[in-house]
Every structure is written in C-alpha cells, then in structure tokens.
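Coordinate analysis (summary)
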Amino acid sequence: MWASQPDTSTPSSDTEGPGEPDAVDVERLHEAEHDLLVVAVAAEAMQATPQAVRGAVLAAFERAVALGMRAEEVLAAMAPAPAAPQGSAAPAKAAKAAAKA
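Overview of the structure. In this text, all values refer to a predicted model and were calculated from it rather than measured experimentally. (Residues numbered from 1 in each chain as written. Predicted model: local features only at pLDDT ≥ 70, side-chain atom pairs only at ≥ 80, totals over all residues. Heavy atoms only, no water.)

1. Points about unusual backbone geometry
Note the cut-off: Strands are runs of DSSP state E lasting at least 2 residues, helices are runs of H or I lasting at least 4, and numbering of each runs from the N terminus. Each residue gets one of three labels from its accessible area relative to the maximum for its type: buried under 20%, exposed over 50%, partly exposed in between, using a 1.4 Å probe on protein chains only.
Positive phi, close to 50°, is recorded for Gln47, a residue that is not glycine. Its location among the elements puts Gln47 in the loop between helix H1 (23-46) and helix H2 (50-66). Relative accessible area serves as the criterion here: at 78%, Gln47 is assigned to the exposed category.

2. Observations regarding the pattern of salt bridges
Selection criterion: Salt bridges, as used here, are contacts in which a Lys or Arg side-chain nitrogen is within 4 Å of a carboxyl oxygen on Asp or Glu.
Overall, the coordinates contain two salt bridges when judged by the stated rule. Between Glu72 and Arg70 there is a salt bridge whose closest N-O contact spans 3.6 Å. Taken as a pair, Glu72 and Arg70 share a single burial class, namely exposed. Its salt-bridge partner being Arg70, residue Glu73 comes within 3.5 Å of it at the nearest N-O pair. Beyond isolated ion pairs, a larger network of salt bridges with shared partners links Arg70, Glu72 and Glu73.

Below you can see the structure in the form of structure tokens.
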C-alpha cells in the first residue's frame, strides 16, 4: 500500500484543479507542437526526414524575420505563379521570335 496519497481535496484559488495542466505549460506545449508541425510538413513535401530539413526551414525563417516579413508576405512571395491560360503561350513565343529578328 502507498505510504501517502496525493491530496485531491478542493484546489486552492491559484490552481486550476488536480490533473489540469498549468496554462503556461500548455502554451509551451503548443509552441513546441507548432515547430514540429512546420518541420514535419516541410519534410513531407520534400520526401525527407525532419532532421534533414530543419536547418533549411530555420534558415528560411531567420531570413524572413531579418527582412521584417510577416508570414502572409512569405507565403505570397513563395506561392507558385498562376498558370497561364491555355493558348496564351503561342503569342508570347511569337513576340519573342519577332524581337530577335
């Protein structure tokens, strides 16, 4: 038998209750999960391990922060260009050919 049992009486006013996590710990957990999720998504996109891409992801974020970019600006800058409508490539090739002549 256990020598002492944990106190499960009514919690004091400065705690959230037995078994409930401290708000600060929850916030740290969420931050750690976000880091892991970002790296995991990058790794999956590159078909690589998280360890293999962590340095590249870190370098990219460090540069974005140094440039003062917000996440939305980074996303907009990195998004692929919209595809040209079908049939629009021929006039562009013809214009390039005419410019060379």
